[in-house]
Amino acid sequence: MIVSKLFKKTLLIIIVLFAVIALTTLFSSGWNLYQDLTQEYKSKGTAIARSIAGSSVDTLLNRDVSTVQAMIDQFTEIIGVSYVFVVDAQGELISHTFIPNVPAEILNLQTSRNVEPTDIFIKGRGDFIDISAPIVEGAVGYVHVGMDKGIIMAQLKAAMIRQMYLLSLIFIASVAAAYVLVNRVSQPLNNLTEYSRKLAQHEFTAQVEIHSKDEVGLLAHTMQSMAIELSEVFERYELALKDAIIELQNTLAYLTTVIDHMADGLLVLDIDGIITHVNPALSAMFGMRESDLMGKSCRDIFGDDLAEIVFRSRHDPKAVFTTEIALAESRTGKAVATGIQQEYFPLEGTEKGIGSVVIIRDITSEKEVDRMKTDFISTVSHELRTPLTAVKGFTEIIKMKLEEDILKLVQIHDRKSEKAIMRVRDNITIILSESERLTKLIDDLLDIAKLESGKVEWKTEPVSMAEVISRAQDATSALFEKKGLVFTKTIDDSLPELSGDSDKLMQVVINLLSNAVKFTPAGFVTCAARRSNGEVVVSVIDSGIGISEGNQASIFEKFKQAGDTLTDKPRGTGLGLPICRQIIEHHGGRIWVESRPGKGSVFSFALPLSKVEHAELSASKP
Amino acid sequence: MPKVLIVEDEPLIRLLLEQTLEGLESCGVEVCAADNGIDAVEKIKAERPELVLLDVMMPKMNGFEVCSIVKQQLQLKEVYIIMLTAKGQEQDRLKAIEAGTDEFITKPFSIVEVADRVKAVLKIRM
Ligand SMILES: Nc1ncnc2c1ncn2[C@@H]1O[C@H](COP(=O)(O)OP(=O)(O)OP(=O)(O)O)[C@@H](O)[C@H]1O
Ligand SMILES: [Mg+2]
C-alpha cells in the first residue's frame, strides 16, 4: 500500500495530538472518579459508623458484647465495608469483625474524638480508610469502620479500561477519516507532481487530469499553460540551435577545406608536443598517412630539430622559429613554428602557450636555385678569371721577353722603327692596365653579387677602428706616394671597440682612401675617427675636385659615376661606393657624403656601438 | 736538381706557369706538369718535387684532396705546396689551410709574384 508522505505526516500529527488529549482526559477523569468514589465511601462509612454508634449505646452500657458483635457483623455485608470494631472509652477493644485475629495496626490506631477518616495499611489485607464515630461523645467508646480501598481501585480500573476502549475506537475512526481526506487532497497533488516531473524531462505533451476548481486545479492549469509556453520557447531555441550548428558546420567545413587545400603542410601540436592535426599536404610531404601521425609525439616522427623549435615556440608564443627539415624523396622543407596563444581558448591559469602550429613548405626548388646562384658566382669567378689570368700573364711575359730578349738584339735605325717600338710598348702597357681594370671589375661585381644575394659569410669580432684605419693606410700608401699627396690622421684616443667584420670594414676605408687619392690632383687627404652619440664616425676628407650636389645622391648607386662619362674618361667601375654602402648597412650603420665642387669632399660613415658598450660608456662618463 | 711540379687543368694557365718558370731552368730547376689531381699525386710520389704549384678547381680530384693526400696520408711534409686559390673565395683559403698547404697565391696572379715566390722557396738568386 502506498502511503503518501502527506498522509504519513498527518498520521503522525494525529497520533501526537490524540496521545496528548487521551492522556489528559484519562488522567483527569480517573482522578475525578477516584475523588468521587473515595468521597462516597467516606460518607457511606461515616453513616455506618454513626448508625452503629447511635444504636449501640444501650448495649454497650449493658456490656452486652454479643449483641454488639451481632450488630457489627451484619454491617460487614455491606459492599465496601471491610471491618468494624468498637472500643470503649479507654480504647479497650470491645468487639470486632477481624477473623482470625486483630491486626497490630488496628491496635495502634489512636482513639480520638475526631471523626476524620484516616488512611491505613494493614499488612496482608491492603489499604483501608478508617472512619471512626464516637459513642456518646466518646464517653462510652468509639466505633471504627474500615472501608476497602481495593474496591475503589478496581472500580477505577474498570472505568479506565472502558474509557480506553472508547478512545481507541475514536482514534481508529479519526485515522480512517484522515486517510480518506488526505488522499482526496494528495491524489491530485501526486498527479501534479508526476506531471511536473514529466515536464522537467521535457515531455511537454504530457496531460494532467485535474479539473477541480480549488488551488490545486488552478495550479494544474497554470502549469499546463506554462508547459505550452515552455515548449514553444524550447522549439524556438531548438531551431536557433540547429541554425547555429549548421553555420558552425559550414564554417568548420570551410576551414577544413581551406586547410586541406593548402599547398603548405600544416601541423598542429598540443602542449606536450603530441600531433593533434595534420593536413593532406603534410602527410604527402612526409609520405605518411594521417592515421600514422595523429596522436604521435612530434619528436618521434619528425626528429629533434623540429621538436626543438616547437618546444621553443611554446615558451615564447610571440616569436617565430624556423628550421629546415628533410622530407620524403630527399626533398627539403622549411618549418615555421609559432606558439598558439590562448586568445581563442581562454583557459585559466595557462600563461604559457597551449600548443604550437607548424607550417612546412617544400623549399627544394628554392634551395636548388640558391645552390645554382652560389655555383654561378663561383663558376663565373673561375671562368672569367682563367682567361684573364692568361691574358695578363702572357702579356707580362711578352713584355718581359720584349725588353729582355728581343729589343736588346734589335738595332734601331730610324725614327719609324723607334716609333713602332714605342707604340708596342704603350699598347702592351694598355693591355696590362686594362686587364688590371677588368680584374678589379670582376672582383667588385662578384663582391656586390655576393653581398646582394646574402652569400657573404660575415665575421663578428671585436673591431678596433684605429687599427682598421692604419691597415688601410698601409694598403694605400703606394697610391699616395705615386701621387705625392700628404696623408694625415686624427683619431680619438679612447675610441671604443666595435663589433663586426674588420676585413670588410677595412675594405670600406681602402675604397674611400683610394677614391680620395683618385679624385684629388693635389693637396691633402685626412682620415678622422671620433665617437658621438653611441656611434663611431669615420670621415675621409680630401681637397680634391668635389662632387656637385646633383651627383651626391647617385654615387652610392651601382655604376654611377659623377661627371660626364662621355667627356671625362671614367677612371673606375662605379662599384666602390655601392659595396661600401652594403658593408656599412650590414653593420647597422650609415654612409654619406658632403662635398663642394672644386673644394673637396668628406665621405663619412657611422657605426653604432653595441647597446651594452654604449650603456657602459655612458655610465662611466660623469 | 730541384724539381717544380705544376698542377693545373687549364692548358693555357699551365702553359703560362711553365713559361714563367722557364727562366729558372738555366739555374738547373726541372719543371714538370700534371693536368689533373690523380696524375699529380702519382708524379709527386714518383718524382718527389721540392715545390708544387697546385690549382684548386680541377675535375676528378681537386687541389684540397691532392694536398691532404700528400701532406697527411703520404706524410710528405718536405714537399712545399703553394695553392692557387681564386680571389673572393675566402672559404677556399680555410680549406687549403686545413688540407695542410704551405702557402697560397690568389688568382689572378702576377707572374712576377709567382716567379719571386718560387725563387724564394728554392732559394735561387738571379
Ligand atoms: N673623393 C671623391 N672626390 C670626388 N668624387 C668622388 C670621390 N669619391 C667618389 N667620387 C665620385 O663618385 C663616383 C663613384 O665612386 P665609386 O668609388 O663608386 O666608383 P669609382 O671610384 O669610379 O670606381 P671603382 O671604385 O669601382 O674603381 C666616382 O666615379 C666619382 O665620380
Ligand atoms: Mg672607387
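S.K.: I would appreciate a short explanation of the overall build of chain B in the present structure.
M.R.: If you tally the helices and strands in chain B, you get 5 helices and 5 strands. Element order for chain B, N to C, with α for helix and β for strand: β-α-β-α-β-α-β-α-β-α. Here the analysis covers contacts within chain B between residues at least 6 apart in sequence; of these, 62% occur between residues at least 24 apart. Accessible area of chain B: about 5,900 Å², with a carbon and sulfur share of 50%.

S.K.: How do you make sense of the packing of aromatic side chains when you look at a structure like this?
M.R.: Residue and element names in this part refer to chain A. Applying the stated criterion across every chain yields a total of 9 aromatic pairs over all chains. Look at Phe-85 and Phe-98: their rings are 6.0 Å apart centre to centre, the planes differ by 40 degrees, and that puts the pair in the tilted class. Pair noted here: Phe-85 is in strand 1 (residues 81–88) and Phe-98 is in the loop between strand 2 (93–96) and helix 4 (104–108), with a separation of 13 residues, a long-range link. The pair formed by Phe-85 and Phe-98 is uniform in burial state, with each residue classed as buried. One aromatic cluster in this structure is built from Tyr-83, Phe-85, Phe-98 and Phe-128. The ring of Tyr-41 has Lys-44 sitting right over it, with the charged end atom 5.6 Å from the ring centre.

S.K.: Can you help me understand unusual backbone geometry in this one?
M.R.: Residues apart from glycine generally show negative phi values, whereas peptide bonds are mostly found in trans. With an omega of -5 degrees, the peptide bond running from B:Lys107 to B:Pro108 counts as cis. A positive phi angle, close to 45 degrees, is found at A:Ser330, a residue other than glycine. Assignment of secondary structure puts A:Ser330 in the loop between strand 8 (320–326) and strand 9 (332–339). Phi at B:Arg48 is positive, roughly 45 degrees, even though this residue is not glycine.

S.K.: I tried to follow the packing of helix 5 (residues 149–200) of chain A against helix 6 (residues 215–260) of chain A on my own but got confused; where do I start?
M.R.: Residues and elements named next belong to chain A. One way to put it is that helix 5 packs onto helix 6 with a least axis distance of 10 Å and a crossing angle of 15 degrees. Regarding the angle of helix 5 to helix 6, the classification is roughly parallel. Handedness of the helix 5/helix 6 crossing: left-handed. Mapping the contact onto sequence places Pro-188, Leu-189, Leu-192, Tyr-195, Ser-196 and Leu-199 in helix 5 and Val-216, Leu-219, Ala-220, Met-223, Gln-224 and Ala-227 in helix 6. When the residues that make up the contact of helix 5 with helix 6 are grouped by side-chain class, the tally is 10 nonpolar, 2 polar and no charged.

S.K.: What is the right way to look at the environment of A:Gln69 in this model?
M.R.: Residues and elements named next belong to chain A. Within the secondary structure, Gln-69 is located in helix 3 (residues 65–75). Looking at Gln-69, the relative accessible area reads 23%, which means it is partly exposed. Separated by 17 residues in sequence, Gln-69 and Val-86 have C-alpha atoms that sit 9.0 Å apart. Those residues in contact with Gln-69 that lie beyond four places of it in its chain are Ser-95, His-96 and Thr-97.

S.K.: What exactly am I supposed to notice about the pattern of salt bridges here?
M.R.: Any two side chains of opposite charge can pair, given that their charged atoms come close. Counted by the stated rule, this structure contains 24 salt bridges over all chains. When the shortest N-O distance is used, the salt bridge between B:Glu22 and A:Lys401 registers 4.0 Å. Taken together, the positions of B:Glu22 in helix 1 (residues 11–25) and A:Lys401 in helix 11 (residues 364–409) put the pair across two chains. For A:Lys401, a relative accessible area of 32% puts it in the partly exposed group. Linked through salt bridges whose partners overlap, the residues forming this network are A:Lys459, A:Arg471 and A:Asp503.

What counts as what
- Residues numbered from 1 in each chain as written.
- Chains lettered and ligands numbered in written order.
- Predicted model: local features only at pLDDT ≥ 70, side-chain atom pairs only at ≥ 80, totals over all residues.
- Heavy atoms only, no water.
- Helix = DSSP H or I, 4+ residues; strand = E, 2+ residues; numbered from the N terminus.
- Contact = heavy atoms within 4.5 Å.
- Areas by Shrake-Rupley, 256 points an atom, 1.4 Å probe, with all protein chains shown as cover.
- Phe/Tyr/Trp six-rings, centres within 6.5 Å; stacked < 30°, edge-to-face > 60°.
- Buried < 20%, exposed > 50% of the residue type's maximum accessible area, 1.4 Å probe, protein only.
- Lys NZ or Arg CZ within 6 Å of the ring centre and 35° of its normal.
- Axes fitted to C-alpha atoms, helices over the stretch in contact; angles between N-to-C directions.
- Parallel < 35°, antiparallel > 145°, perpendicular 65-115°, else oblique.
- Left-handed = near helix turned anticlockwise from the far one by under 90°.
- Nonpolar A, V, L, I, M, F, W, Y, C, P; charged D, E, K, R; others polar.
- Salt bridge = Lys/Arg side-chain N within 4 Å of Asp/Glu carboxyl O.

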